[in-house]
Amino acid sequence: AFTIADGMEYVKYGVASGLDIDKFAGRLSFFFAIGMNFFMEIAKLRAARVLWHRAMTQLGAQDERSKMLRTHCQTSGVSLQEQDPYNNVVRTTIEAMASMLGGTQSLHTNALDEAIALPTDFSARIARNTQIIIQEETGMTKVVDPLGGSYYIEALTQELVDQAWEIIERVQSEGGMAKAVAAGWPKAMIETAAAARQARVDRGDDVIVGVNKYRLASEDLLETLEVDNAKVREGQIARIAKTKAERDNDACEAALKALREGAAKPSSLENNLLALAVECARARATLGEISSAMEESFARYGTQPTPVKGVYSAPYAGDSRWQQVVDGVAAVERRLGRKPKLMVAKMGQDGHDRGANVIASAFGDMGFDIVSGPLFQTPEETVVLALEHDVDVVGASSLAAGHKTLIPELIQRLREQGRNDIKVIAGGVIPPQDYEYLRNAGVQGIYGPGSNVVECAADVLRLLGHNMPPAGDELQAAE
């Protein structure tokens, strides 16, 4: 629903700027993620085509090509697991088949090790060959809408169409998707679904093979790609310096000045900011310079996540381990005279915030006071926010291989401020072979994909000096 509503918003703005709907609408394309609910994902793509055709008809399109939904799909990163990682090949294959059977035009298949590190050439080749095998060996691509006519698929498709259209109508009645995003309710619905899903996984209600059921007694380390972030950064700085030294700086500054002036009057039709930005790039302005030129007029959009309340905790009513953790949080609160305070930090150019927001929501439900940092923070900005809120713990979420540079810098800056008492923990996509490096740098807790969030909270309470009983040890807890 939100994806289709996004597309409708772009079309409306295009028409409002003077474009003929049938001149550009046929060139629009979408991007859907594909998860493990096999038939649901097939029905989702089929429903999207119905919804887009209906939406474009309402918006006045006449050409049938304007009403055709074109989409790219990517298999899910959320479904990939660090534990027993070769299972991820099977997961990606199932998701690739769902996207193909649903009618995608192009496809991205994830590599088996992407829940652990950036892909190796070995794992990337398997991901690529998954597509080629489906294309060349199965015959599945020779049939258009092969599951069309199935009672279950047709009923599921119609259910998705009907319920999604209700949401789309709400979006339109409230002024369109841009206003809905500003109001925050679409993101709140997404966060609610994510928190509920995590609770089902942590409780074992939703089975993840190799994670919460059929788990291996011991895990072999997988060979992963090692990226020297310091070397990459130095190389990029050198490239930028070389570009600045060799460019015509007068021409570059003139292009940036034109962009600044255009951004100051963005509603003027002659001020096409994309065209002005392209001219800056042709003059070899950097992305940072182009962004800064527009920031002078627009300021910077603040992304401040808001944890959802009561969603993660709902399935835990009557659960003894949950109650132990909640009681532990209350005990720490009595000792400190306030709730224990956790800051969830997203540093670097990592825009994946689903996991961080789930953690914020879950820990909030357990009684922690939560400070959610904005996306794209520097370690320095994270320290400022942590000190401003006087937090007890900073949880650094890393999904883009920045953990060996950003997190140690965060710890060093806390030490420089004399705040060794603030605990730093880390979660996300972190190869197990990097754990020792992070511990030596001062990280006191590391929680990779598949970690049970309730047990993570119990461990954080131990870091804060509370004597939590081990998981499953109800007798010891009672004593």
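Structure shown above.
Residues numbered from 1 in each chain as written. Predicted model: local features only at pLDDT ≥ 70, side-chain atom pairs only at ≥ 80, totals over all residues. Heavy atoms only, no water.

Caption draft 1: Just the overall build of the chain, in detail. Within the chain, the regular secondary structure consists of 19 helices and eight strands. Relative to its length of 479 residues, the chain is compact, with a C-alpha radius of gyration of 25 Å against a globular reference of 23 Å. Sequence separation of at least 24 residues holds for 75% of the intrachain contacts in the chain that already meet a minimum separation of 6. As displayed, the chain offers around 25,200 Å² of accessible surface, 54% of which is attributable to carbon and sulfur atoms. (Helix = DSSP H or I, 4+ residues; strand = E, 2+ residues; numbered from the N terminus. Rg over C-alpha atoms; globule rule 2.2 N^0.38 Å. Contact = heavy atoms within 4.5 Å. Areas by Shrake-Rupley, 256 points an atom, 1.4 Å probe, with all protein chains shown as cover.)

Caption draft 2: Molecular detail of unusual backbone geometry. Even without a glycine there, the phi angle at Asp-145 is positive, about 50°. Within the fold, Asp-145 resides in the loop between helix H5 (121-137) and helix H6 (151-173).

Caption draft 3: Representation of the sheet that holds strand S5 (residues 369-372). The five strands lie next to each other as S5-S4-S6-S7-S8, forming an open sheet whose pairing is parallel. The open sheet has two edge strands with one neighbour each: S5 and strand S8 (445-447). Across the sheet, the mean angle from the axis of one strand to that of its neighbour is 20°, orientation sign disregarded. Inspection of the sheet shows strand S7 (residues 423-428) paired to S8 by three bridges, in the parallel sense. Looking across to S8, one finds that Ile-425 is bridged to Gly-445. In this fold helix H14 (residues 354-365) packs onto strand S4 (341-345), S5 and strand S6 (393-398), with an angle of close to 170° to the strand it touches most, S4. Packed on one face of the sheet, helix H18 (residues 453-463) meets S6, S7 and S8 and runs near 175° to S8. (Pairing = 2+ DSSP bridges. Axes fitted to C-alpha atoms, helices over the stretch in contact; angles between N-to-C directions.)

Caption draft 4: Seen up close, a nonpolar patch on the surface. Together, Phe-39, Tyr-151 and Tyr-152 give the surface a local cluster of nonpolar side chains, amounting to about 400 Å² of exposed area. Within the secondary structure, Tyr-152 sits in helix H6. Taking relative accessible area as the criterion, Tyr-152 reaches 46% and is therefore assigned partly exposed. (Patch = residues over 30% accessible without salt bridge, like charges linked within 9 Å, V, L, I, M, F, W, Y side chains within 5 Å. Salt bridge = Lys/Arg side-chain N within 4 Å of Asp/Glu carboxyl O. Buried < 20%, exposed > 50% of the residue type's maximum accessible area, 1.4 Å probe, protein only.)

Caption draft 5: Representation of the packing of aromatic side chains within the structure. All chains considered together, the criterion is met by nine aromatic pairs. Considering the side-chain rings of Phe-2 and Trp-185, the 5.7 Å spacing of their centres and the 70° angle between planes classify their relative orientation as edge-to-face. Here Trp-185 lies in helix H8 (residues 185-203) and Phe-2 lies in helix H1 (residues 2-16), a separation of 183 residues in the sequence. A relative accessible area of 17% means that Phe-2 is categorised as buried. Take Trp-185: its relative accessible area is 12%, and that puts it in the buried class. Over the ring of Trp-185 we find Arg-170, and its NZ or CZ is 3.5 Å from the ring centre. (Phe/Tyr/Trp six-rings, centres within 6.5 Å; stacked < 30°, edge-to-face > 60°. Lys NZ or Arg CZ within 6 Å of the ring centre and 35° of its normal.)

Caption draft 6: The pairing of S6, seen in detail. Judged by how many residues are buried, S6 sits mostly within the fold: six of six residues are covered. The two faces of S6 match: Val-393, Gly-395 and Ser-397 on one face and Val-394, Ala-396 and Ser-398 on the other face are all buried. One ladder, built from four bridges, connects S4 with S6; its direction is parallel. Counterpart to Val-344 in the pairing with S6 is Gly-395. By the bridge criterion, six bridges tie S6 to S7 in an arrangement that is parallel. Bridge pairing in S7 links Val-394 to Val-424. The parallel pair S6 and S7, bridged by helix H16 (residues 403-416), forms a crossover whose chirality is right-handed. (Right-handed = clockwise from strand over helix to strand, strands pointing away.)

Caption draft 7: Local environment of the pattern of salt bridges. Enumeration according to the criterion identifies 28 salt bridges in this entry. One salt bridge connects Lys-23 with Asp-20, and the closest N-O pair in it is separated by 3.6 Å. On the basis of relative accessibility, which here comes to 63%, the residue Lys-23 falls in the exposed class. For Asp-20, a relative accessible area of 38% translates into the label partly exposed.

Caption draft 8: Quick peek at empty space enclosed by the protein. Scanning the entire structure with this criterion turns up three cavities of 30 Å³ or more. Size it by volume and the largest cavity reaches roughly 110 Å³. Every residue lining the largest cavity is counted, 13 residues in all, and those nearest its centre are Leu-225, Val-227, Ala-401, His-403 and Asp-434. Here the residues of the lining of the largest cavity sort into eight nonpolar, two polar and three charged. (1 Å grid on protein atoms, 1.4 Å probe; cavity = no way out; pocket = protein on both sides within 12 Å on 5 of 7 lines; lining within 4 Å. Points joined across faces, edges and corners; volume = space filled by probe spheres on them. Nonpolar A, V, L, I, M, F, W, Y, C, P; charged D, E, K, R; others polar.)

Caption draft 9: Highlighting H8. Under the 1.5 Å per step criterion, the end-to-end length of H8 is 27 Å for 19 residues, consistent within 8% with the ideal 27 Å. Residues Trp-185, Pro-186, Glu-191, Ala-194, Ala-195, Gln-198, Ala-199, Val-201 and Asp-202 constitute the buried set of H8. Summarising the contacts, the buried residues of H8 are in contact with H1, H6, helix H7 (177-183), H14 and H18. Backbone geometry just downstream of H8 places Gly-204 in the positive-phi region, at approximately 85°. (Expected span 1.5 Å × (residues − 1).)

Caption draft 10: Region of the structure containing helix H10 (residues 249-264). The end-to-end C-alpha distance of H10, which contains 16 residues, comes to 22 Å, matching closely the 22 Å that a straight helix rising 1.5 Å per residue would cover. Here H10 has its buried residues at Cys-252, Ala-255, Leu-256, Leu-259, Gly-262 and Ala-263. Summarising the axial view, the buried residues of H10 lie within an arc of 120°, below the 170-degree limit, and thus occupy one face. Opposite the buried face of H10, by more than 90 degrees, sit the exposed residues Asp-250 and Ala-264. Structurally, H10 contributes buried residues whose contacts are with helix H11 (273-282) and helix H12 (287-298). Backbone nitrogen of Asp-250 and a side-chain oxygen of the N-cap are separated by 3.1 Å at the start of H10; the cap is Asp-248. (Arc of directions from axis to C-beta. Polar contact = N/O pair within 3.5 Å; in protein donor to acceptor, adjacent residues only side chain to side chain.)

Caption draft 11: Up close: the pairing of S7. Taking burial as the measure, the six residues of S7 include six buried ones, the bulk of the element. Residues Lys-423, Ile-425 and Gly-427 point to one face of S7 and Val-424, Ala-426 and Gly-428 to the other, with burial holding for every one of them. Assessed by its sense of winding, the connection that carries the chain from S7 through helix H17 (residues 435-441) to S8 is right-handed.

Caption draft 12: Molecular detail of the nonpolar core. The biggest cluster of nonpolar side chains holds 32 residues, and the ones touching the most others in it are Ile-4, Leu-51, Trp-52 and Met-56. Mapped by element, the contributors of at least two residues to this core are H1, helix H2 (21-24), strand S1 (30-34), helix H3 (38-58), helix H4 (87-102) and H6. Sequence-distant contacts of Met-56, that is, excluding residues within four places in its chain, are made with Val-11, Ile-21, Ala-25, Ala-61, Ser-66 and Lys-67. (Core = buried A, V, L, I, M, F, W, Y, C linked by side-chain atoms within 4.5 Å.)

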